[in-house]
Structures are given as C-alpha cells and as structure tokens.
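# Secondary and tertiary structure notes
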Amino acid sequence: MCPAQELWDRESQNRLHRFEMVPGTEKFRKPRGDPLRTVKEYSRPAAGKDVTKPSDLRPPDVLLKTVYSFVFDRLRSVKQDMIIQRLSGKDCVAILERTVRFHIYASYRLCGEPLRIYDPRINDTHLQEYLSWLFDCYKSGSGPYPNQVEFQTLGLLYNLGSSRATQHVLELPEHLRQTPSVKLAVAINQAFLAGNPVRLLRLAQRLDFLQACALHRHLVTCRRHLLLIYSHGYNSRNSRFPLDRLAQLLSLETSLTAELCQVYSIEVSQHNQVLFSKSTFTEPEQGELDCKLYHNMVSEKQRGLTVKSIIHNCS
C-alpha cells in the first residue's frame, strides 16, 4: 500500500503517522514503518509534470484495502491513482462507496472538533465530489450495483433542500424511487422544504445509523426552526407547554431540551413548563451552541457498530 522508496524516505525524514509505525518503535528517534500499515501519501504533482511512476500505482484490489477509517489524507492519494488509471466500473464504485461512507461518518463523528483536527468544509467538498463521481458511475456503468439504493438515500439526506439533489432523485428509475429508504428520504426532504420540522424529526426516527449521520448536519437548523415556530404559535402569557412533550418533538432528552431552550432564551419554569415568547427568542452567539451535546438521536442508533463495519457495511 506504500511504495518501498516512499517508505524509506518517510522513515529517514521521520514522517510516519503513528498508526503506520512498527509497534514498540513509536518513541524511537526515527520510528520504523510497518509495510502492512504504511499507506501511500498524497503528493501534489509538479506544475506541468506527472512524476508518478507506473510501478507506484496501486491496482484496484490494493486501492480498496487502502480506504481506512483513519487516512483522510491518503484518500486524496487513492483518488489520484484512480484518476491516473481512469478507473471505472465495479472496482471504482466499490472504492467510492467506502469513501463516501467514511466522509459521512466523519461529518458526524468529528462535528465540533477544532479546525486543526477537522474542517467540515473540506470534508464536505470531498464528499460532494465523491458522491457526484459515484452517481456518474451508477448512471454510465452496466451494473448491477447492489448498494445504489443506500447511496441515493444518503445523497439526498446529506443534501436536504438542495434543488439539484431533489431533481437527481426525481430522475431516478422508478424501481429505485419506490424503494422504502429512498421514499423515506424523499418524505424527509419534502418536510424540510415545507418547513415542517415536527414531521421531519418524526420521520428521522426511522433512519438507520449512517442515514442519521448524513442527516445530522441539518438537525441544528431543524430544531431551531421548531422552537421559533412554537415561540410564535404559543406566544401568550398564559400559555404553558410541557417540557417532556417538547423533548419528544425535538427527539431529545428532557434535560437537553431544557438546555437548548436556554440557548435560545426560552424560559422553562421550575415545574417543567415551557413559556414560549416571540419577543424573547434570540439567536445564540457563535460557539454558544455545542452541536455535539444534541447528537443522541444519532448516537443511539450506532448500538455497538464499529468503524470498520460502518465503512465496509459489514457485521
């Protein structure tokens, strides 16, 4: 998975990732690289030159093994090798599917991490490119592609409200559009477009873990919209709304629902009654709303799934 010359160079320059080191050598002045763990790095070609040696290109079966959960940077190198070889067909689809799962899982798992660790914009850019490439493969290839329904569903859930994503699904063959998971994603997208956060969150309960990961980046907006609607709809001095009922609507624990209300300056009484008011509803300042605190609707669906099983879709 890594050319011998590159392995030697990176050992001598002390450029090995800790996951690539021979166990027990991590604290050496120059740790040794494990050939079974070391993965080819992405390197930008010199202007106007392609310096890639044919012997350094990894065939499809090796590229597939290279898509690990901890090698975001190396995925760019995988993509580079795929483009140079003009890879297509089932080999290309198999690699892209695992790569898309990786980026969708990363968008949930690393949400809120410092930019030096995870940049959601960069992750989104790569994910959108891989989704587009994957959908082109589905459309132009001869198939069959047994996982196509899974990824058509993930693509729409990740891009809720996008006219392009909506149009793409509407143009799918009927046998794909009529599958339960695609129909569910379409219903969730319709609820999003209609501004119906209650229906959206209710339908979201039926999603599996990775589907919920794809949806999760929209949850902050969805819950904010619900609270804003209720702040107008129940705007009365004498109106009281049960906190536990609001928690059900938001798909949150009661304590987290109270915290979220506080973020938006919505009063919760000592008797767990919510006092909505359109005049006091305020937007949180940047950094005040910690998205990770409100991930339980997604995390509960993981139920012991390992990263390997998530990315490779295996038990």
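The coordinates are above.
Here is a short report on the structure shown in this document. Values in this document were obtained by computation on a predicted structure and should not be read as measured data.

### Quick notes on the overall build of the chain
Per the secondary structure count, the chain includes 16 helices and three strands. Overall, the C-alpha framework of the chain stretches about 75 × 55 × 40 Å when taken along its three principal axes. Taken across its 315 residues, the chain has 44% of its residues classed as buried. Once local pairs closer than 6 in sequence are excluded, the contacts in the chain between residues at least 24 apart make up 67%. Accessible surface computed for the chain: about 17,300 Å², of which carbon and sulfur atoms make up 50%. Positive and negative side-chain charges of the chain, numbering 42 and 32 respectively, have mean locations separated by a distance of 2 Å.

### Here's the deal with the packing of helix α4 (residues 89–109) against helix α6 (residues 148–158)
In the contact formed by α4 and α6, the axes pass within 12 Å of each other and the chain directions differ by 35°. The interaxial crossing formed by α4 with α6 has left-handed handedness. Residues Glu97, Val100, Arg101, Ile104 and Ser107 of α4 form the contact with α6, whose own contacting residues are Glu150, Phe151, Leu154 and Tyr158. Class assignment for the residues of the contact of α4 with α6 results in five nonpolar, one polar and three charged.

### Some thoughts on the nonpolar core
Counting residues in hydrophobic clusters, the biggest one holds 74 residues, and the most contacted among them are Ile188, Leu215, Leu227 and Leu246. Per-element tally for this core: the top contributor is α4, with nine residues. Among residues more than four places away in sequence, those in contact with isoleucine 188 are Leu157, Leu160, Leu200, Leu203, Ala204, Leu207 and Leu215.

### Observations regarding empty space enclosed by the protein
Once rolled over the atoms, a probe with the size of a water molecule shows which space is left empty. As enumerated under the stated definition, the model contains one cavity of 30 Å³ or more in all. Of the voids in this model, the largest cavity is the one considered here, and its volume is about 90 Å³. Taken together, Leu219, Val220, Arg223, Arg224, Leu260, Tyr264, Leu289, Cys291, Tyr294 and His295 make up the full set of residues lining the largest cavity. The dominant element in the lining of the largest cavity, judged by the number of residues it contributes, is helix α12 (residues 219–233), at four residues.

### Comments concerning the sheet that holds strand β1 (residues 241–242)
Read from one edge of the open sheet, three strands run β1-β3-β2, paired in antiparallel fashion. Edge positions in the sheet fall to β1 and β2 (267–268), since each of these pairs with one other strand and no more.

### Observations regarding the pattern of salt bridges
The full count for this structure, using the stated rule, is eleven salt bridges. The closest approach of N and O atoms between arginine 10 and glutamate 20, which form a salt bridge, is 2.5 Å. Taken together, the residues arginine 10 in helix α1 (residues 4–12) and glutamate 20 in the loop between α1 and α2 (60–66) connect sequence positions ten residues apart. Each of the two residues, arginine 10 as well as glutamate 20, counts as buried. Several salt bridges share partner residues, and in doing so they unite Glu6, Arg10, Arg15, Glu20 and Glu41 into one network.

### A word on the environment of phenylalanine 102
For phenylalanine 102, the position within the fold is in helix α4. Distance in space between the C-alpha atoms of phenylalanine 102 and serine 255 is 31 Å, their sequence separation being 153 residues.

### Digging into α1
Given 3.6 residues per helical turn, the α-helix brings residues three or four places apart onto the same face. Restricting attention to buried positions, one finds in α1 the residues Glu6, Leu7 and Arg10. Axial view of α1: buried residues confined to an arc of 100°, hence all on one face. Opposite the buried face of α1, by more than 90 degrees, sit the exposed residues Ala4 and Trp8. Taken from the residues just after α1, asparagine 14 is the one with a positive phi, measuring 55°.

### Some points on the layout of surface pockets
Considering only enclosed or pocket space, the largest pocket measures out at about 600 Å³ in volume. The biggest single contributor to the lining of the largest pocket is helix α5 (residues 120–140), with seven residues. Class assignment for the residues of the lining of the largest pocket results in nine nonpolar, nine polar and four charged.

### Looking at the side chain of glutamate 20
Under the relative-accessibility criterion, glutamate 20 is labelled buried at 1%. Of the polar contacts made by the side chain of glutamate 20, one reaches the backbone nitrogen of valine 39; its length is 3.0 Å.

### Section: the environment of lysine 301
With respect to the secondary-structure elements, lysine 301 resides in the loop between α15 (296–299) and α16 (307–312). Distance in space between the C-alpha atoms of lysine 301 and cysteine 213 is 9.6 Å, their sequence separation being 88 residues. Look past the residues within four positions of lysine 301 in its chain and what remains in contact with it is Ala204, Gln205, Arg206, Leu207, Asp208, Phe209 and Ala212. Among the polar contacts listed, one links the side chain of lysine 301 to the backbone oxygen of glutamine 205, at a separation of 2.8 Å. Polar contacts involving the side chain of lysine 301 include one to the main-chain carbonyl oxygen of leucine 207, which spans 2.8 Å.

What counts, and at which threshold
- Residues numbered from 1 in each chain as written.
- Predicted model: local features only at pLDDT ≥ 70, side-chain atom pairs only at ≥ 80, totals over all residues.
- Heavy atoms only, no water.
- Helix = DSSP H or I, 4+ residues; strand = E, 2+ residues; numbered from the N terminus.
- Buried < 20%, exposed > 50% of the residue type's maximum accessible area, 1.4 Å probe, protein only.
- Contact = heavy atoms within 4.5 Å.
- Areas by Shrake-Rupley, 256 points an atom, 1.4 Å probe, with all protein chains shown as cover.
- Lys, Arg positive; Asp, Glu negative; His and termini not counted.
- Charge placed at Lys NZ, Arg CZ, Asp CG, Glu CD.
- Axes fitted to C-alpha atoms, helices over the stretch in contact; angles between N-to-C directions.
- Left-handed = near helix turned anticlockwise from the far one by under 90°.
- Nonpolar A, V, L, I, M, F, W, Y, C, P; charged D, E, K, R; others polar.
- Core = buried A, V, L, I, M, F, W, Y, C linked by side-chain atoms within 4.5 Å.
- 1 Å grid on protein atoms, 1.4 Å probe; cavity = no way out; pocket = protein on both sides within 12 Å on 5 of 7 lines; lining within 4 Å.
- Points joined across faces, edges and corners; volume = space filled by probe spheres on them.
- Pairing = 2+ DSSP bridges.
- Salt bridge = Lys/Arg side-chain N within 4 Å of Asp/Glu carboxyl O.
- Arc of directions from axis to C-beta.
- Polar contact = N/O pair within 3.5 Å; in protein donor to acceptor, adjacent residues only side chain to side chain.

Purely spatial values, then, with no claim about function.
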